[in-house]
Amino acid sequence: MRGSTRSRLIRFIPALAVGAAGLFVAAPGASAAAGTTTTFQLTAGSLTINEPASANLGSVAVGSLTLSKNLGTISVSDTRGNLSSTWTATVSSTSFTTGTATQYETVATSSIAYLAGTATSSTGVGTFAPGTLATMSSSGTAGAWAGTSSNSVSWNPTITFTLSPSQVAGTYTGTITHSVA
């Protein structure tokens with residue numbers, strides 16, 4: 001009988017192991033899940049303005065009362081990625097002079113006007129409001145943007161010089177400066 005008890009015991013141990021393993025198996029229809037906290041980052045860029053390094057506005061005959069020409073493309077790029085994205089571009093000018101800059105060799109800033117006109121191109125969600133300055137006697141708004149996130153806007157402003165009938169012949173030089181904040 002020893003042999004048969006031993007035989008039954010040997011058969012019982014594997015059956016017990018199989019039964020115990022079944023206790024760790026998930027019940028049918030049950031599920032298990034684990035989550036992974038995941039992040040990423042969008043890095044902010046900058047707010048920049050570009051303007052022509054130089055511009056030749058052409059010529060008019062002595063005795064003409066105005067000279068009106070486009071300056072060249074002004075572009076603002078805003079890659080700061082702000083929820084509320086606003087900026088204002090400003091413009092200022094020096095007087096334009098020739099010779100020794102006497103009265104009739106100078107076009108004062110009070111005789112220079114600026115008209116941004118409509119945007120020639122734009123990207124982003126928002127609105128561009130072009131600026132107009134009757135005179136460049138002080139810094140003024142060249143244009144402004146109100147929108148969201150990244151954007152870019154370009155425009156080609158018209159510069160108008162009101163000339164004196166006594167203005168002397170010569171090449172007049174001055175500086176028009178744009179900035180953005």
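Worth saying up front: this structure is predicted, and the values here are computed from it rather than measured.

1. Describing the overall build of the chain
Move 1: The number of helices and strands found in the chain is one helix and 12 strands.
Move 2: Overall, the chain shows an N-to-C arrangement of helices and strands of α-β-β-β-β-β-β-β-β-β-β-β-β.
Move 3: For the chain, the proportion of contacts with a sequence separation of at least 24, taken over those separated by at least 6, is 74%.
Move 4: Accessible surface computed for the chain: about 11500 Å², of which carbon and sulfur atoms make up 58%.

2. Side note on the nonpolar core
Move 1: With 25 residues, the main nonpolar core has Trp87, Tyr114, Trp155, Ile159 and Phe161 as its most contacted residues.
Move 2: Elements that contribute at least two residues to this core include exactly strand E3 (74–78), strand E4 (85–93), strand E7 (112–115), strand E10 (140–155), strand E11 (158–162) and strand E12 (176–180).
Move 3: A total of four residues in this core trace back to one element, the largest contributor, which is E10.
Move 4: Ignoring anything within four residues of it in the chain, the contact list for Ile159 reads Leu57, Leu67, Ser68, Lys69, Leu71, Ile112, Ala113, Tyr114 and Ile176.

3. Description of the pairing of E11
Move 1: Burial of the side chains of E11 is restricted to one face: Ile159 and Phe161 are buried, whereas none of Thr158, Thr160 and Thr162 on the reverse face is.
Move 2: Where strand E2 (residues 66–70) lies against E11, five bridges are found, and the strand directions are antiparallel. Among the inter-strand pairings, Ser68 is bridged to a residue of E11, identified as Thr160.
Move 3: With four bridges joining them, E7 and E11 adopt antiparallel strand pairing. Bridge pairing in E11 places Ala113 opposite Thr160.

4. Some thoughts on the sheet that holds E2
Move 1: Pairing within the open sheet is antiparallel, and its four strands lie in the order E2-E11-E7-E9. In this open sheet, the two strands that pair with only one neighbour each are E2 and strand E9 (132–133).

5. Section: the pattern of salt bridges
Move 1: Using the criterion set out here, one finds one salt bridge in the structure.
Move 2: Here Asp78 makes a salt bridge to Arg80, at a shortest N to O gap of 2.8 Å.

6. A look at the side chain of Thr109
Move 1: Position of Thr109 relative to the elements: it lies in the loop between strand E6 (106–107) and E7.
Move 2: For Thr109, a relative accessible area of 16% corresponds to the buried category.
Move 3: Apart from the residues within four sequence positions on either side, Thr109 is in contact with Ser93, Thr94, Ser95, Thr135, Met136 and Ser137.

7. Overview of the side chain of Glu105
Move 1: Position of Glu105 among the secondary structure elements: in the loop between strand E5 (96–97) and E6.
Move 2: No salt bridge forms around the buried Glu105; measuring N to O, its nearest opposite-charge neighbour Lys69 is 23 Å away.
Move 3: A distance of 2.8 Å separates polar atoms of two side chains, one belonging to Glu105 and the other to Thr102.
Move 4: In this structure Glu105 touches Phe96, Thr97, Thr98, Gly99, Thr100, Gln167, Val168 and Tyr172, once residues within four positions along its chain are discounted.

Cut-off values and rules
Residues numbered from 1 in each chain as written. Predicted model: local features only at pLDDT ≥ 70, side-chain atom pairs only at ≥ 80, totals over all residues. Heavy atoms only, no water. Helix = DSSP H or I, 4+ residues; strand = E, 2+ residues; numbered from the N terminus. Contact = heavy atoms within 4.5 Å. Areas by Shrake-Rupley, 256 points an atom, 1.4 Å probe, with all protein chains shown as cover. Core = buried A, V, L, I, M, F, W, Y, C linked by side-chain atoms within 4.5 Å. Buried < 20%, exposed > 50% of the residue type's maximum accessible area, 1.4 Å probe, protein only. Pairing = 2+ DSSP bridges. Salt bridge = Lys/Arg side-chain N within 4 Å of Asp/Glu carboxyl O. Lys, Arg positive; Asp, Glu negative; His and termini not counted. Polar contact = N/O pair within 3.5 Å; in protein donor to acceptor, adjacent residues only side chain to side chain.

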